[in-house]
Amino acid sequence: MTEEEAKRIIDAISAERFQPFLDACDHDLVVALRLYYWDGEASRAFLGALRDFEVAMRNSFHAKLAGRYGQADWWDSPRVRLTSKGIRQVNSAKRSLETEFGPGFTAGDMVARFTLGFWVGLTGRGQNYEMQFWIPALRHAFRGYLGERGALQLELDAVRRLRNRVGHHERIFHLRLEEDYERLLRLMEYVAPEKAALHRKFSQIPVVLARRPLVLSGAEPVRL
């Protein structure tokens, strides 16, 4: 790759977005580009595990809350008291589904439309969420977890932040990705141990993380 070709790639990325990669590589243009593309490879590797965890957790939460309140649209139960933010999230999901499908959307559509932040928020303090949701229902979604709700909520929120960075194409190379991976697997083992076992056996994340120094040195190629 010529210097001119590299500059055109950076123009397409944007100078502002590329600057942290340059800063991390002592302003070596070629190495910074390798880091940029390795960062994308790492995000793609994490995406599958994040997807499996998010889907498993939201489905488990939904099943347990629907059972507790006796209706699939448990968020509309008169016994549920959400925070103002939670209410906004529910109303936003309804509006977007009405715009897309009209009034005929289902509870399953709502479950899929809620953000990970909504689900993680249910494990927070909220409107006495500990007594509303955690003790009677949500703690049972985390098989084998014996700790406090607050400690688990912090772990879930760390996963939420990583998921949002990946989902919004933000850089992750500066994070402690090995720790993030272990945290994600640990939480997945509580929620869906069979899925966690598959990821421990087949995940590409450890391979990708180990490739970083080799990619930056040029010993291995970038993967797009």
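Details of the structure are given in the entry above.
Calculation notes
- Residues numbered from 1 in each chain as written.
- Predicted model: local features only at pLDDT ≥ 70, side-chain atom pairs only at ≥ 80, totals over all residues.
- Heavy atoms only, no water.
- Helix = DSSP H or I, 4+ residues; strand = E, 2+ residues; numbered from the N terminus.
- Buried < 20%, exposed > 50% of the residue type's maximum accessible area, 1.4 Å probe, protein only.
- Contact = heavy atoms within 4.5 Å.
- Areas by Shrake-Rupley, 256 points an atom, 1.4 Å probe, with all protein chains shown as cover.
- Lys, Arg positive; Asp, Glu negative; His and termini not counted.
- Charge placed at Lys NZ, Arg CZ, Asp CG, Glu CD.
- Core = buried A, V, L, I, M, F, W, Y, C linked by side-chain atoms within 4.5 Å.

1. Regarding the overall build of the protein
Working step 1: Secondary structure assignment for the protein yields 11 helices and 0 strands.
Working step 2: Starting at the N terminus and ending at the C terminus, the protein contains elements arranged as α-α-α-α-α-α-α-α-α-α-α.
Working step 3: Looking at the protein residue by residue over its 224 residues, the buried ones come to 42%.
Working step 4: Relative to all contacts within the protein whose residues are 6 or more apart in sequence, the contacts with residues 24 or more apart total 65%.
Working step 5: When the accessible surface of the protein is summed, it comes to about 12,200 Å², and 52% of that surface belongs to carbon and sulfur atoms.
Working step 6: One way to put it: in the protein the 34 positive side-chain charges average out to a point 7 Å from where the 29 negative ones average out.

2. Digging into the environment of Trp-119
Working step 1: Examined against the element boundaries, Trp-119 turns out to sit in helix H6 (residues 116-121).
Working step 2: Judged by its relative accessible area of 0%, Trp-119 falls in the buried class.
Working step 3: Once residues within four sequence positions are removed from consideration, Trp-119 is found in contact with Met-57, Arg-58, Phe-61, His-62, Trp-74, Val-111 and Phe-114.

3. As for the nonpolar core
Working step 1: Ranked by internal contacts, the top residues of the largest apolar core, which has 71 residues, are Phe-46, Met-57, Trp-74, Leu-122 and Phe-142.
Working step 2: The biggest single contributor to this core is helix H3 (residues 29-69), with 18 residues.
Working step 3: Those residues in contact with Phe-142 that sit more than four places away from it in its chain are Met-57, Phe-61, Trp-134, Leu-152, Leu-156, Tyr-190 and Val-191.

4. A word on unusual backbone geometry
Working step 1: The backbone of Ser-14 shows a phi angle near 100 degrees, a positive value even though the residue is not glycine.
Working step 2: Inspection of the secondary structure assignment puts Ser-14 in the loop between helix H1 (3-13) and helix H2 (15-24).
Working step 3: Residue classification places Ser-14 among the partly exposed residues on the basis of a relative accessible area of 29%.
Working step 4: With phi around 60 degrees, His-27 is a residue other than glycine that occupies positive phi space.
Working step 5: Mapping His-27 onto the fold places it in the loop between H2 and H3.
Working step 6: Accessibility expressed as a relative area gives 52% for His-27, which makes it exposed.

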